Amino acid sequence: MFSKFQFLATGTPQEGPGKDVIPGDDTGREEHTGRPEHRYQFRVPSLRNVELTAPYMHTGPFDTLQRVVRFYNDGAQPRHAGVTDDMLEVAVREPLGLDDDQLMALVEFLKSLTDPGTALDPTLLTVPASVPSGLVPVFGVSASGGAPKRTVW
Ligand code: HEM
């Protein structure tokens, strides 16, 4: 799945089409547990088929995978103002220092996680009406149709 599905704080900015789904500031896992140490932690999603599932991060601030790798390369910038250095996961705190070719290679790697079968069958990319956790999907192509709402950040 290319994720251990942990909840971690990477400080992604709360912009994009999913921004108003939670009114005001979304403190992530803390909203559910009430524990301050979980503030601004969000689940690491699977990276399988990630090429097909823009926009990226919990509110969709990044429209392309290039924007995502640039975010990591810049040491988690731009960053949500509420996320201080000590709250950030250690692995994303420092700029990576990758050059353009290396960033491009990283994007190509992410694209290699695409299952061509999924790309050929668009029904596999629809959002179900509900998921096993009981949470209701908030945007995207719903099972009842309708185009995904996309804005470029
Ligand atoms: C250069 C290495 C990395 C790449 C290429 C990468 C790639 C990605 C991508 C493409 C997404 C968006 C997935 C989606 O929205 O469907 C994502 C989200 C995420 N990644 Fe990474 N990642 C990297 C390193 C890390 C590290 C080191 C951590 C934590 C220690 C991390 C934690 C997260 C979290 C928590 C999210 C969800 C953030 C949110 O929803 O706001 N990633 N990553």
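The structure we're discussing is the one just above.
Every chain's residues receive numbers from 1 upward, in the order its sequence appears when written. Per-residue local features of the predicted model are confined to residues with pLDDT of at least 70, and side-chain atom pairs are confined, for both listing and counting, to 80 or more; whole-chain, interface and lining totals are unaffected and use all residues. Only hydrogens and water are set aside; all other atoms, that is, all heavy atoms of the structure, feed into the side-chain values.

Draft legend 1. Quick peek at the coordination of the iron atom of the ligand. In this structure the iron atom of the ligand is ligated by exactly one protein donor, Tyr72 (OH), at 1.9 Å. A helix here means a DSSP run of H or I that spans at least four residues, while a strand means a run of E at least two residues long, and both kinds are numbered starting from the N terminus. Among the secondary structure elements, Tyr72 is positioned in helix H2 (residues 65-73). The rule for donors is simple: an N, O or S atom within 2.8 Å of the metal counts, and for Na, K and Ca the reach is 3.2 Å. Water is not among the atoms, so a site may look short of donors.

Draft legend 2. View of H2. What H2 keeps buried is the set Leu65, Val68, Val69, Phe71 and Asn73. Check the buried side of H2 and you find it contacts helix H3 (100-111). The positive-phi residue at the C-terminal boundary of H2 is Gly75, with phi of around 75°. Exposure categories follow from relative accessible area, calculated using a 1.4 Å probe and restricted to protein chains: below 20% of the type maximum is buried, above 50% is exposed, and the middle band is partly exposed. Any two residues having at least one pair of non-hydrogen atoms within 4.5 Å are treated as being in contact.

Draft legend 3. Inspection of the pattern of salt bridges at higher detail. Any Lys or Arg side-chain nitrogen located within 4 Å of an Asp or Glu carboxyl oxygen qualifies as a salt bridge. A complete count under the given rule lists 4 salt bridges for this structure. Note that Glu30 is salt-bridged to Arg39, the shortest N-O span being 2.8 Å. On the basis of relative accessibility, which here comes to 14%, the residue Glu30 falls in the buried class.

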